[in-house]
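Below are the chains, spelled out letter by letter.
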Amino acid sequence: LAKTTQPISMDSYEGQEVNITCSHNNIDTNDYITWYQQFPSQGPRFIIQGYKTKVTNEVASLFIPADRKSSTLSLPRVSLSDTAVYYCLVGDNPGNTGKLIFGQGTTLQVKP
Amino acid sequence: DTEVTQTPKHLVMGMTNKKSLKCEQHMGHRAMYWYKQKAKKPPELMFVYSYEKLSINESVPSRFSPECPNSSLLNLHLHALQPEDSALYLCASSSGLGRNEQFFGPGTRLTVL
């Protein structure tokens, strides 16, 4: 499974757009990129998943350049409730093992 | 119902106690997982069950014993734990293995005295 690198922490203000970039230089052809969100004392929650170009859902957008060596999670108009840890995961779970390997994550602090 | 439930929410136990954590899902998922999460650290995979069979054991000490009695239930039996085993224990499920979205429960906060 490819290793991911994310900023340890980020600060933002309410109403701003937040972009969190994840580096995954060793991504494999079969790998998908998945983002999870975790609030304190809760389990992680799936946000979005993509393979290439752009994916958008009701919560976020995921931008993946052509070389797929990085990806950017975009959160539009954040609110205080978006304060959480955001994890970028890369892998196709070779052999369909179900393994999820979480990196260190990015702690996003949204200020009023 | 898209919820994974875990009981108890909190558990305090001594090193000689035997206790169990319980996880339940009614989404028809056939893959279930146990993770351990220490404070300010990412979740770490412990066990994976697929179709009620153990498919992955991430070299977890034998004082942790998983059990999957049926497709909706997952237990984690605890015996002779150490204080360093204190952590948040998370259960998750997914429709299958591979890149499927995993649904996590709220976790059990375990303290070993």
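Here the structure is shown first, and the text comes after it.
Residues numbered from 1 in each chain as written. Chains lettered and ligands numbered in written order. Predicted model: local features only at pLDDT ≥ 70, side-chain atom pairs only at ≥ 80, totals over all residues. Heavy atoms only, no water.

Engineer: Can you walk me through unusual backbone geometry in this structure?
Structural biologist: Glycine aside, residues mostly have negative phi angles, and peptide bonds mostly take the trans form. With an omega of -10°, the peptide bond between Thr 7 of chain B and Pro 8 of chain B qualifies as cis. Its location among the elements puts Pro 8 of chain B in the loop between β1 (4-7) and β2 (10-13). Here the phi dihedral of Ser 41 of chain A falls at roughly 60°; this positive angle occurs in a residue that is not glycine. Inspection of the secondary structure assignment puts Ser 41 of chain A in the loop between β3 (32-38) and β4 (45-50). Notably, Ala 80 of chain B is not glycine yet its phi reads approximately 55°, a positive angle. You can see Ala 80 of chain B is positioned in the loop between β8 (73-79) and β9 (87-94). For Ala 80 of chain B, a relative accessible area of 31% puts it in the partly exposed group. (Helix = DSSP H or I, 4+ residues; strand = E, 2+ residues; numbered from the N terminus. Buried < 20%, exposed > 50% of the residue type's maximum accessible area, 1.4 Å probe, protein only.)

Engineer: What's the story with the sheet that holds strand β8 (residues 84-91) of chain A in this structure? I'm lost.
Structural biologist: Consider a sheet: its strands pair through backbone hydrogen bonds, and that pairing is either parallel or antiparallel. All names here are of chain A. Taken in spatial order, the five strands of this open sheet run β1-β9-β8-β3-β4, and their pairing is mixed. The sheet is open, and its two borders are formed by β1 (9-13) and β4, each paired with just one other strand. Going across the sheet, the axis of each strand differs from the next one's by a mean of 25°, ignoring polarity. Taken together, the three bridges between β8 and strand β9 (residues 106-111) define a ladder with antiparallel strand orientation. The residue of β9 that forms the bridge with Val 85 is Thr 107. (Pairing = 2+ DSSP bridges. Axes fitted to C-alpha atoms, helices over the stretch in contact; angles between N-to-C directions.)

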